[in-house]
Amino acid sequence: MGMQISPSVLNSDLSNLAAEVRRVQGAADWIHLDVMDNHFVPNLTFGLPVIESLLKHIDVPADCHLMIADPDRWAPGFAEAGAGSVTFHVEAANKPRMVAKDIRAAGARAGVAVKPGTSIAQVSDLLPVIDMILVMTVEPGFGGQSFMAEMLPKIREARRLVDGSDVDVWIQVDGGIGPDTIEQCAAAGADVFVAGSAVYRAADPAVMVEQLRASAENAARP
Ligand code: DX5
Ligand code: ZN
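Attention in this report is confined to the structure presented alongside it. Counting restarts for each chain, with residues numbered from 1 along the sequence as it is written. Each chain takes a letter, starting from A, and each ligand takes a number, starting from 1, following the order in which they are written. In keeping with the model being predicted, local features are shown solely for residues with a pLDDT of at least 70 and side-chain atom pairs are shown and tallied solely at 80 or more, while totals for entire chains, interfaces and linings include all residues. Excluding hydrogens and water, the side-chain values take into account all heavy atoms of the structure.

Moving on to the site of ligand 1. The cutoff for a nearby residue is simple: one of its non-hydrogen atoms must lie within 4 Å of the molecule or strand. Lining the immediate surroundings of ligand 1 are 20 residues, of which Gly-141, Asp-174, Gly-176, Gly-196 and Ser-197 lie closest. Polar contact criterion, stated in full: a pair of N or O atoms within 3.5 Å, where within protein one must be able to donate a hydrogen and the other to accept it, and residues adjacent in sequence count only if both atoms are side-chain atoms. Ser-8 places a side-chain nitrogen or oxygen 2.8 Å from an oxygen atom of ligand 1. At 3.3 Å, a side-chain N or O of His-32 approaches an oxygen atom of ligand 1. For ligand 1, whose free accessible area comes to 380 Å², the fraction covered by protein is 99%. Contributions of two or more residues to the shell around ligand 1 are made by strand E2 (31–36), strand E3 (62–67) and strand E8 (192–195). The element that contributes the greatest number of residues to the shell around ligand 1 is E2, accounting for three residues. Along the lines of polarity and charge, the residues of the shell around ligand 1 split into eight nonpolar, ten polar and two charged. Per-residue and other accessible areas follow the Shrake-Rupley method at a 1.4 Å probe size, with only the shown protein chains counted as cover for residues. In this text, helices come from DSSP runs of H or I with a minimum length of four residues, and strands from runs of E with a minimum of two, each type numbered from the N-terminal end. Residue polarity is assigned by list, with Asp, Glu, Lys and Arg as charged and Ala, Val, Leu, Ile, Met, Phe, Trp, Tyr, Cys and Pro as nonpolar; anything else, Gly included, falls into the polar class.

Spelled out as structure tokens, the structure:
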């Protein structure tokens with residue numbers, strides 16, 4: 001798998017979700033959908049009913065990022081609804097291993113996310129049951145924040161962990177990713193890049209997606 005770009009619609013026109021997704025269709029590998037519940041993070045976006053409706057109108061696979069409490073209860077429903085990937089926060093899960101297994105059993109790729117203050121050691125024993133580690137490069141909750149360069153060692157650590165194991169686990173970064181920061185993340189070992197404001201504030205979001213992927217591929221070349 002090469003470098004993948006997953007635009008986040010968080011800072012797009014949320015009243016026009018399907019149309020906003022279509023602006024990156026054909027260029028984006030995934031569409032990143034930030035589910036927030038006002039408990040795990042201090043913001044509230046959309047949930048399963050909105051995503052179920054959206055999925056009927058788009059062809060880009062859904063990359064659901066659940067910033068919610070009790071993913072043990074809610075995460076499998078997003079997979080059952082047809083999301084291609086469902087990522088939950090390890091800090092919020094009661095039994096992370098079980099959540100990942102339930103997501104996979106419902107037919108989606110399972111991702112586990114770590115907030116900036118959470119170490120990679122918290123997810124290392126989950127490697128056999130997950131398909132992706134999401135290293136947050138901002139505090140989750142809002143789009144448009146500045147990239148935290150101090151997360152680069154954590155991305156490197158995740159890359160070492162995955163490469164040292166007999167697993168095929170992607171490493172996603174999310175928060176403040178754009179033309180100025182994507183190369184450092186790719187060089188550190190990330191291979192799936194979420195970009196919200198960088199994509200949706202661009203004159204042509206699809207062109208920006210292609211530019212970001214080219215930058216990532218360039219930076220990752222040994
Ligand atoms: C933040 C979300 C991100 C956000 C990224 O909590 O998880 O996905 O939309 O937005 P930018 O790219 O603007 O930082
Ligand atoms: Zn996100």
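Another aspect to go through is the coordination of the zinc ion (ligand 2). Every protein donor of the zinc ion (ligand 2) is listed here as His-32 (NE2), Asp-34 (OD), His-65 (ND1) and Asp-174 (OD), and their distances to the metal cover 2.1 to 2.2 Å. Sequence positions of the residues that donate to the zinc ion (ligand 2) give the spacing H-x1-D-x30-H-x108-D. Within this pair, whereas His-32 is found in strand E2, its partner His-65 is found in strand E3, the two being separated by 33 residues in sequence. Of the two residues, His-32 and His-65, neither departs from the other in class, the shared state being buried. Sites may look incomplete because water is not among the atoms; the donors themselves are N, O and S atoms within 2.8 Å of the metal, or within 3.2 Å for Na, K and Ca. A 1.4 Å probe rolled over the protein chains alone gives each residue an accessible area, and that area as a share of the maximum for its type sets the label: buried under 20%, exposed over 50%, partly exposed in between.

Two orientations exist for strands paired in a sheet by backbone hydrogen bonds: parallel and antiparallel. Note on pairing: DSSP must find at least two bridges between two strands before they are called paired. Pairing in this open sheet of eight strands is parallel, and the strands run E1-E8-E7-E6-E5-E4-E3-E2 from one edge to the other. Only two strands of the sheet have a single neighbouring strand rather than two, namely strand E1 (4–7) and E2. Neighbouring strand axes in the sheet, compared pairwise and without regard to direction, differ in orientation by 25° on average. Examined bridge by bridge, strand E5 (residues 109–114) and strand E6 (residues 132–136) share four bridges and lie parallel to one another. The partner of Val-112 across the bridge, within E6, is Ile-133. Here an angle of 0 to 180 degrees is reported between the N-to-C directions of two axes, which are lines fitted to C-alpha atoms, with helices fitted over the stretch in contact.

This next bit is on the packing of aromatic side chains. In this scheme Phe, Tyr and Trp rings, the latter by its six-membered ring, pair at centre separations within 6.5 Å, and the angle between planes marks the pair as stacked below 30 degrees, edge-to-face above 60, and tilted otherwise. The tally for this structure, following the rule as stated, stands at one aromatic pair. Aromatic pair Trp-30 and Trp-170: ring centres 6.1 Å apart, planes at 70°, arrangement edge-to-face. Pair noted here: Trp-30 is in the loop between helix H1 (17–22) and E2 and Trp-170 is in strand E7 (residues 170–174), with a separation of 140 residues, a long-range link. Trp-170 carries the same exposure label as Trp-30, and that label is buried. For a ring to carry a charge above it, either NZ of a lysine or CZ of an arginine must fall within 6 Å of the ring centroid while also lying within 35 degrees of the normal to the ring plane. The ring of Phe-40 carries Lys-115 above its face, with NZ or CZ at 5.1 Å from the centroid.

Take the pairing of E2 next. Among the six residues that make up E2, six are buried, leaving the element largely enclosed by the rest of the structure. Where burial is concerned, the two faces of E2 agree: the one with Ile-31, Leu-33 and Val-35 and the one with His-32, Asp-34 and Met-36 are both buried. Pairing geometry for E2 and E3, over six bridges, is parallel. Note that in E3 the partner of Asp-34 across the bridge is His-65. Handedness of the crossover joining E2 and E3 through helix H2 (residues 48–55): right-handed. Throughout, right-handed denotes a crossover for which the path from the first strand over the helix to the second runs clockwise when the strands point away from the viewer.

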